[in-house]
Amino acid sequence: MLDPQQIDELASFALDLADAAAAVTLPHFRSGLAVDNKRGRFAFDPVTAADRDGEAAIRKLIGERYPDHGIFGEEHGKETGTSPLTWVLDPIDGTRSFISGVPLWGTLIALNDGTRPVIGLMDQPYIGERFVGRPGGSELIGPMGTTPLKTSDCTKLEEALLGNTDPAMFDVEDEKVAFREISSKVRLRRFGGDCYFYCLLAAGTLDLVIESGLQPYDIQALIPVIENAGGVVTNWAGGDAQNGGQVVAAATYELHEQALKILEPAANG
């Protein structure tokens, strides 16, 4: 269990890590950077030098400051530490947005205490916004200063604003059916947001985000941001979302409950 002083220290260090990543990734944005295809879950699964080098910069700082901490990143895998603390990293969440010049990608940095993520940060260096979640609250650090984050008070599906990166992520028929049903009930749907949509949920401008096929490094940094802003994040069965897979994030418990009634029959775990 981390005490408040340790939380302060580690949350501050997470900002340093975001600075290190931004120094590498931002110069590549809208630069015509070469793109490789990892050929993962999607037919086109892009990765760039910005992804790889951005994560390497973060890992270097962690190794220098906290050599006993573990690291789990998308690009360079797992390093087990002697401490229960593990940094969970995605240097560019939304590489498709990155290579398309769309500024909705972000650097995701989480600190997991061995049980769950307790500190989370999403940095969007092009826009100049950082969404930070930690025990005691979440905040947006941006061009207008620092402001606390609070999810909306939406409790009804028919009044909800729904975000999703790409409905093509639902490659199982039960998932497609469940998502279509929820989509047909909400007030508004927006697509293409990657990690940024989860942060807009924490900021109170979106009410619901539903996705599938996520990895732990896609979601762990976003859980503290949303939960400490008053929202809820689970898998489609209502359980722990930190391992990724099918994820639903909602502004209120009431809205989350309504979404789960539709999603649970399609839950795969």
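As a reminder, the structure under discussion sits directly above these lines.
As a starting point, this report considers the structure included with it. (Residues numbered from 1 in each chain as written. Predicted model: local features only at pLDDT ≥ 70, side-chain atom pairs only at ≥ 80, totals over all residues. Heavy atoms only, no water.)

With that out of the way, let us pick up unusual backbone geometry. At R30, a residue that is not glycine, the phi angle is positive and equals roughly 60 degrees. In this structure, R30 sits in the loop between α1 (4-25) and β1 (36-37). Residue R30 is classed as partly exposed on the basis of its relative accessible area, which comes to 47%. Unlike most non-glycine residues, D194 shows phi in positive territory, near 50 degrees. With respect to the helices and strands, the residue D194 is situated in helix α5 (residues 194-203). (Helix = DSSP H or I, 4+ residues; strand = E, 2+ residues; numbered from the N terminus. Buried < 20%, exposed > 50% of the residue type's maximum accessible area, 1.4 Å probe, protein only.)

Moving on to the side chain of S212. With respect to the secondary-structure elements, S212 resides in strand β13 (residues 208-214). Here the side chain of S212 touches E175 through a polar contact of 2.7 Å, side chain to side chain. (Polar contact = N/O pair within 3.5 Å; in protein donor to acceptor, adjacent residues only side chain to side chain.)

This part takes up the side chain of S83. Within the secondary structure layout, S83 lies in the loop between β4 (77-79) and β5 (86-93). Since its relative accessible area comes to 14%, S83 is described here as buried. Looking at S83, its side chain comes within polar contact range of the main-chain nitrogen of L85, at 3.0 Å. Ignoring anything within four residues of it in the chain, the contact list for S83 reads D68 and H69. (Contact = heavy atoms within 4.5 Å.)

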